[in-house]
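Structural characterization, general
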Amino acid sequence: MTRVPELRFVGFAGEWEEKKLSEISILNPKSDSLPEIFNYVDLSSVNGTKLIESRKINKIDAPSRAQRYAKKGDIFYQTVRPYQRNNYFFDLNDDDYVFSTGYAQIRARYNAYYLFSQMQTNKFVDSILNRCTGTSFPAISTSDLSDMKLLISTSEEEQEKIGDLFSKIDQLIESQQELVDQTIAFKKSMLQKMFPKKDSLVPEFRFEGFDNDWKLKKLSELGKTITGNTPSTKNELYWSESEEYIWITPSDIDGPLVVESERYLSELGLQKSRFLPANSVLITSIASIGKNAINIKPVSINQQINAIIPESHDSYFILESMNHSASRFESLAGRSATQIINKTTFDGFKILIPSLEEQEKIGNFFKNLDEKIASEEKLLESYKDMKKSLLQKMFV
């Protein structure tokens with residue numbers, strides 16, 4: 001078994017040594033007495049390696065699970081249901097955080113971020129999962145966690161360099177995630193401002209040169225409306241491995257534009273389907289209501305989707321208007337186990353419509369914004385992929 005990483009900083013050589021976690025850290029160190037008031041962190045408070053929420057409570061009201069008093073530099077690793085892959089490196093300025101016993105408190109003897117990063121490798125996580133016991137709430141015991149073996153660099157300088165690198169990568173990912181979140185939040189805000197509120201015929205924000213009231217129209221007045229169908233799945237002649245004839249279901253919709261699918265039709269199957277030209281507006285109307293998109297290529301759709309083929313109306317405007325009206329549209333489905341909006345109800349659903357020129361300006365604004373979001377999300381994923389690759393290459 002190799003004892004050196006695939007990728008290494010210049011100037012370091014020699015094999016890494018196998019150590020138990022208990023040899024390179026202190027597990028669940030005896031806590032100081034808890035503060036009178038503190039921020040309590042439980043298993044729902046952490047997402048990945050980021051603290052997303054905590055609740056301030058008095059010591060006297062604290063649950064018995066609140067026992068892990070955080071110190072700067074401590075690692076808190078989720079031992080209950082660790083398959084959720086939640087762990088958190090404590091590096092906040094405040095020192096009034098207390099974690100539940102669902103986390104193991106790990107105080108590294110050397111570089112904390114080095115150890116924190118190594119504990120995120122697939123090798124370490126898989127080893128943890130193999131040691132878990134229990135069915136409803138799989139967990140790893142403190143003793144088993146203490147016995148976990150890792151191959152580590154014996155050079156504190158090498159540990160520091162690796163830890164510093166992953167600290168910078170995590171900061172880069174966090175910064176990019178914030179940019180993505182901010183852009184998505186901005187879009188949500190503009191959806192509220194650029195479409196009229198209830199009982200109003202004009203939006204709060206408007207492009208210059210437009211001042212006429214918007215008009216209420218049924219979806220059936222915006223163009224031809226179609227409900228999809230499914231050619232017989234028992235007839236293999238209707239389906240094809242070729243990607244020429246796209247067949248869309250709600251599971252294929254993952255964003256404002258849809259270009260491909262999991263299944264494709266044959267030419268014979270196409271004749272049995274409901275075919276749509278490019279730039280139609282696809283609106284899910286059964287079960288997963290609210291997953292809407294525009295097809296940039298001609299497609300066929302299944303029966304869970306109603307579609308509008310716009311006539312003298314802007315596709316992207318209709319898409320965003322339906323996103324803005326999502327809760328009102330979904331309320332039409334009632335509260336049955338499987339939510340359904342039938343074709344008649346769909347056709348009669350009304351939205352406010354401005355002039356075509358204003359529609360196009362609004363549609364183009366949101367199209368550019370969606371492209372911005374997609375670009376930033378792609379960059380975020382590239383950073384995450386880079387981290388995954390480096391985790392595998394820089395640890396043994």
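Look up: the structure comes first, before these words.
The paragraphs below set out a description of the structure included in this document. Being a predicted model, the structure only gives us computed values, none of them experimental. (Residues numbered from 1 in each chain as written. Predicted model: local features only at pLDDT ≥ 70, side-chain atom pairs only at ≥ 80, totals over all residues. Heavy atoms only, no water.)

As a further point, take the overall build of the chain. Within the chain, the regular secondary structure consists of ten helices and 24 strands. Compactness check: the chain gives a C-alpha radius of gyration of 27 Å against a globular reference of 21 Å for 396 residues, more than 25% above the reference. Sequence separation of at least 24 residues holds for 73% of the intrachain contacts in the chain that already meet a minimum separation of 6. Surface summary for the chain: the accessible area is close to 20900 Å², and the carbon and sulfur share equals 47%. Of the charged side chains in the chain, 50 are positive and 56 negative, and the gap between their average positions amounts to 4 Å. (Helix = DSSP H or I, 4+ residues; strand = E, 2+ residues; numbered from the N terminus. Rg over C-alpha atoms; globule rule 2.2 N^0.38 Å. Contact = heavy atoms within 4.5 Å. Areas by Shrake-Rupley, 256 points an atom, 1.4 Å probe, with all protein chains shown as cover. Lys, Arg positive; Asp, Glu negative; His and termini not counted. Charge placed at Lys NZ, Arg CZ, Asp CG, Glu CD.)

The alternating pattern of strand E16 (residues 245–248) places Tyr245 and Trp247 and Ile246 and Ile248 on opposite faces, both of which are buried. Here E16 pairs with strand E18 (residues 263–265) via three bridges, running antiparallel. If you follow Trp247 over to E18, its bridge partner there is Arg263. Note: E16 against strand E22 (residues 299–301), three bridges, orientation parallel. Residue pairing across strands places Ile248 opposite Ile301, the latter belonging to E22. (Buried < 20%, exposed > 50% of the residue type's maximum accessible area, 1.4 Å probe, protein only. Pairing = 2+ DSSP bridges.)

The subject of this paragraph is empty space enclosed by the protein. According to the stated counting rule, one finds one cavity of 30 Å³ or more in the structure shown. In this structure, the largest cavity occupies an estimated 40 Å³ of space. What lines the largest cavity is Ile24, Ala108, Arg109, Tyr110, Asn111, Tyr114, Leu115, Ile152 and Gln159. (1 Å grid on protein atoms, 1.4 Å probe; cavity = no way out; pocket = protein on both sides within 12 Å on 5 of 7 lines; lining within 4 Å. Points joined across faces, edges and corners; volume = space filled by probe spheres on them.)

This part covers helix H3 (residues 122–131). Burial in H3 covers these residues: Phe124, Val125 and Ile128. Down the axis, H3 shows its buried residues gathered within 95° of arc, on one side only. Along its buried surface, H3 packs onto strand E8 (75–78), helix H2 (112–118), helix H4 (142–147) and strand E12 (149–152). (Arc of directions from axis to C-beta.)

Counting residues in each nonpolar core, the largest one holds 38 residues, and the members touching the most others are Leu21, Ile106, Leu115, Ile128, Leu145 and Phe166. Elements supplying a minimum of two residues to this core: helix H1 (21–24), E8, strand E11 (103–108), H2, H3, E12, helix H5 (156–193) and helix H10 (356–394). If you look at the next biggest cluster of nonpolar residues, it comprises 28 residues, including Tyr316, Phe349, Ile351 and Leu352. (Core = buried A, V, L, I, M, F, W, Y, C linked by side-chain atoms within 4.5 Å.)

Right, let's get into the sheet that holds strand E6 (residues 55–58). One open sheet accounts for four strands, arranged E6-E3-E10-E7; its pairing is mixed. With one partner strand each, in any of the chains shown, E6 and strand E7 (66–69) form the two edges of the open sheet. Here the average twist between neighbouring strands, direction ignored, is 45°. Here strand E3 (residues 37–41) pairs with E6 via four bridges, running antiparallel. (Axes fitted to C-alpha atoms, helices over the stretch in contact; angles between N-to-C directions.)

So, about the packing of aromatic side chains. Within this structure, the stated rule accounts for 24 aromatic pairs. Seen from their ring centres, Tyr88 and Phe99 are 6.1 Å apart, and the 25° between their planes marks the pair as stacked. Note that Tyr88 is positioned in strand E9 (residues 87–89) and Phe99 in strand E10 (residues 97–100), a separation of eleven residues in sequence. Here Tyr88 and Phe99 have matching classes, each one buried. A ring pair is formed by Phe329 and Phe346, whose centres lie 6.2 Å apart and whose planes are at 80°; its orientation type is edge-to-face. One end of the pair, Phe329, is in helix H8 (residues 326–330); the other, Phe346, is in helix H9 (residues 343–348), and 17 residues separate them in sequence. Across this residue pair, the class does not change: Phe329 and Phe346 are buried. A network of ring pairs unites the aromatic residues Phe195, Phe205, Phe207, Trp214, Phe317, Phe365 and Phe366 as a single cluster. Directly above the aromatic system of Trp239 lies the positively charged group of Arg263, at a separation of 4.0 Å from the ring centroid. (Phe/Tyr/Trp six-rings, centres within 6.5 Å; stacked < 30°, edge-to-face > 60°. Lys NZ or Arg CZ within 6 Å of the ring centre and 35° of its normal.)

Its place among the elements puts Ser285 in the loop between strand E20 (281–284) and strand E21 (292–295). Classification of Ser285 by relative accessible area gives buried; the value is 1%. Apart from residues lying up to four places away in sequence, Ser285 is in contact with Gln304, Asn306, Phe329, Gln339, Ile340, Ile341 and Phe346.

Turning our eyes to something else, we now look at the environment of Tyr40. One can find Tyr40 in strand E3. Given a relative accessible area of 0%, Tyr40 falls into the buried group. Spatially, the C-alpha atoms of Tyr40 and Asn58 are 9.5 Å apart, while their sequence positions differ by 18 residues. Setting aside chain neighbours within four positions, we find Tyr40 in contact with Ser45, Ser54, Arg55, Ile57, Pro63, Arg65, Ala66, Val98, Phe99 and Ser100.

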